[in-house]
Every structure is written in C-alpha cells, then in structure tokens.
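Analysis of the macromolecular model
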Amino acid sequence: MAITNLKVAVALWVWHLAVGGQMVWAQGDERAKLVEGAKKEGKLIWYTSTNITESKPLLDDFEKQYPFVKGEIFRASGEKTLNRIVTEARAGRSDFDIVTISEVDALIDAKLLAPYRSPEATGFIPELKDPNGYWTAVYINYTTIGYNPKLASEKEAPKQWEDLLDPKWRGKISIDQEQYPWFGTLHKAWGRERAQKYLRAIAKQNIQWRKGHTLIAQLMAAGEFPLGVVYAHRVEEMKQRGAPIEWVSSVNPVVVTVNAAGLSTKPAHPNTARLFYDFLMSRPAQQRLRALRRVPARADIEPFSPRMDQTKLKLVVEPSQSGPQFNQTIKEFREIFGM
C-alpha cells in the first residue's frame, strides 16, 4: 500500500510539473508573440484620466523596457475621456489602444472595450477586476473629507459625512464638480432615501465648486477654504512636503473609486496594447505607482501610508453602472446641486 501511494504521489508530482511547465511555457510563448507584434507596430495610444505627473513616468518605464515602442498620452478627466471615445465611435473611429479611467462600465455597455485576461490579473482581488475580463484596476482612490488644520483643528474637524451639514461650514466646503462616484456610492452604502436626504441638505451649504481633487487639496492647503472632499493619497503626498493638510479616516463610508484599464475593440496597435496592459498590472509598475504616491491595486503591495491600510477603513467600492445609469447619475447630481 505504501509503495502504491508513493507511486501515485510521484505520478501526480510529475504530472504537476509537466502541466505547470506547460502553463509557464504557454504564457512565455504568448508574451514572445506580443513582443514581436509590438516591434512591428512600434506605437501606443493611451487615453487616461491619470495626472500627467504619474502617467508619464509609467509610460517612460514601459518605453525603457520596450525601446521599440513610442507612446502617446491623451490626458483628460474621466468624463471627458469617456465622451471623446464615444464621439470617436459615432464617427466610425477608435483612436485609442488602451484606456485607464473610472468610467469603464459605461464603455463596456457601449461595446467599446474588448475582453482580455492578463496573466498579471491573478494578483488582484475579485472586486478589482471584471469577471468577464473587460477591465482590471490599475490603482484605487480613497475619497474622504480633508481639512486645513490651521483653519479647522483636529477636534472641530468633521468626523463623518453628516458633520459637513453643520451651519458653521456653510460656504467653506469644496467639492469636485464631477464628484459622481461619491454621489453614487453614498446611495449604494446608505440606500436611496438616506442618501437623497443628505445630498439635498449639503446642496444648501453653498458649496465651493472646483475642478480636480488635486486643485481642491492645493487650495485648501493654501487657506482658500478649510474643508474639501479629497483623495487621501493626495493629502498624504502633500503632508510629506510640509503642507498644512489632513484627511479624516473615520468617515463611513470611505468611497473607493477604481481607475481601471481596458482595451479598445479596434486598437491600431493590439499587441502593444496588451503588452502595456500586462505592464500596468505588473509588480514593477504597481510599485512605481506606490512611489508616485498612488494606492496600487495589487493585493501584494502595501499602500505608502499605514493609515491607508484597507483593514483600518470602512471602505465601499463605487457601484458598477451601465451607460444609461451613469448618465442618470450625472443628471441627478447636477439637478440636486443646481449645476
């Protein structure tokens, strides 16, 4: 019996090595094909909502690894990038190879993204990749309350979203004019009735609307207003440079938005697009994002600040929305806030 079991064990071990080796060989063979194809294409068109100070270093790293590729970046807000892709599609064009924005669900609904299961995606938790392979997260953002300690002490600063309704903060809160993910996630976390009541109340707080979370954080640190709805990673970055700014970790929920990568259905440079997709998910690129003070999406890379540990925060990921649902969210947001 012992000899039989040993034979079975050895047989299984040999089979495992053979199959495992075959899988590694298959992945290596596929990668070699992508590299050869990319050499012939020699170009990449990347549409992204990521700041150029972060997207350009990533592209530079990619070009160093694959010097036969020259990349081009179109950078705009997520909404503008989405609208550009949709407009191009209506004109019968698809000028991008790969896109990284938060609004990927709308692109899936419009049938403008192609499925691709990157071998690197195994390093990501299920919530950060599409089950059908249409997208994988590149990095995540934590949306919360930020404040200037010189204008609002830690003791008096809001601890929860509802604290922004205090009359003393009227006219002293800044929010991004395209803060749709925050809007939609509060509905998901609280239910429609509670979220609607809250949002209509905060709309009466004479909000200081600005465009861009980085700008809001900069203006808040400069003393233009004491409070803002901000990205935690941006605040941490500015704190390290000595800026008078802080973020609140106690809010429930901390809204998690996902900046995800997706491939065009009609890429001019399909091999290069897949190669870049794999690169964005790889440990080196994710570590680069961490060094750039972004929150990497890979589960095996820690955030750059201990306060941003997922286990210490009440996180809720932005809900998936189809194109019509996303358009309805935008419409309702603008109606409530009189925009």
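Here goes a summary of the coordinates provided. Please read all numbers here as calculations on a predicted model, not as lab measurements. Once a new chain begins, its residue numbering starts again from 1 and follows that chain's sequence as written. Whole-chain, interface and lining totals are the exception, using all residues; otherwise, since this is a predicted model, local features are given only for residues with pLDDT of at least 70 and side-chain atom pairs are given and counted only at 80 or more. Based on all heavy atoms of the structure, the side-chain values leave hydrogens and waters out of the count.

**Some details on the overall build of the protein**
Where we set the bar: Numbering of helices and strands runs from the N terminus; a helix is a DSSP stretch of H or I covering at least four residues, while a strand is a stretch of E covering at least two. Each residue gets one of three labels from its accessible area relative to the maximum for its type: buried under 20%, exposed over 50%, partly exposed in between, using a 1.4 Å probe on protein chains only. Using a 1.4 Å probe, the Shrake-Rupley method yields the accessible areas, and only the shown protein chains count as cover for residues. Note on charges: Lys and Arg go in the positive column, Asp and Glu in the negative column, and His and the chain ends are not counted at all. A charged residue contributes its charge at one atom only: NZ of Lys, CZ of Arg, CG of Asp or CD of Glu.
Counting its regular elements, the protein contains 11 helices and 12 strands. Here the protein holds 339 residues, and 50% of them are scored as buried. Element-wise, carbon and sulfur atoms account for 53% of the exposed surface of the protein, whose accessible area totals about 16200 Å². Seen as two clouds, the 47 positive and the 38 negative side-chain charges of the protein have centres 2 Å apart.

**Here's the deal with the nonpolar core**
Heads up, the rule is: Throughout this description, the term nonpolar core refers to a set of buried Ala, Val, Leu, Ile, Met, Phe, Trp, Tyr and Cys residues connected via side-chain atoms within 4.5 Å. Note on contacts: a residue pair qualifies if any of its non-hydrogen atoms lie within 4.5 Å across the two residues.
Ranked by size, the top nonpolar core spans 93 residues in total, and within it Trp161 and Trp182 carry the most contacts. Apart from residues no more than four positions distant in its own chain, Trp161 is found in contact with Thr143, Thr144, Ile145, Trp182, Leu186, Trp190, Tyr198, Val229, Val251, Asn252 and Pro253.

**Some thoughts on helix α6 (residues 192-202)**
To be explicit about the condition: By arc we mean the arc of the directions from the helix axis to the C-beta atoms, nothing more.
When α6 is considered as a whole, its buried residues turn out to be Ala195, Gln196, Tyr198, Leu199 and Ile202. Around the axis of α6, the buried residues are gathered within 165° of arc, so they sit on the same side. Residues of α6 that are exposed and point over 90 degrees away from its buried face: Glu193 and Lys197.

**Examining the packing of helix α9 (residues 270-281) against helix α10 (residues 283-291)**
How two helices pack is summed up by the angle between their axes together with the distance between the axes. Spelled out, the test is: Fitting a line to C-alpha atoms yields each axis, with helices limited to the stretch in contact; the angle taken between N-to-C directions then spans 0 to 180 degrees. Note that the term roughly parallel is reserved for angles under 35 degrees, roughly antiparallel for angles over 145, roughly perpendicular for angles of 65 to 115, and oblique for everything else. Residues are grouped as follows: Ala, Val, Leu, Ile, Met, Phe, Trp, Tyr, Cys and Pro are nonpolar; Asp, Glu, Lys and Arg are charged; all remaining types, including Gly, are polar.
Where α9 contacts α10, the axes come no closer than 4 Å and their chain directions differ by 55°. The orientation of α9 relative to α10 falls into the category oblique. Packed against α9, whose contacting residues are Phe279, Leu280 and Met281, the element α10 presents Arg283, Ala285 and Gln286 at the interface. Residues that form the contact of α9 with α10 fall into these classes: 4 nonpolar, 1 polar and 1 charged.

**Regarding α9**
For clarity, the threshold we go by: Every helix has an expected span of 1.5 Å times one less than the residues it contains.
A rise of 1.5 Å per residue sets the reference length of α9, with its 12 residues, at 16 Å; its end C-alpha atoms lie 17 Å apart and thus fit the reference within 8%. The element α9 is extensively covered by neighbouring structure, given that 9 of its 12 residues are classed as buried. Every buried residue of α9 is listed here: Thr272, Ala273, Leu275, Phe276, Tyr277, Asp278, Phe279, Leu280 and Met281.

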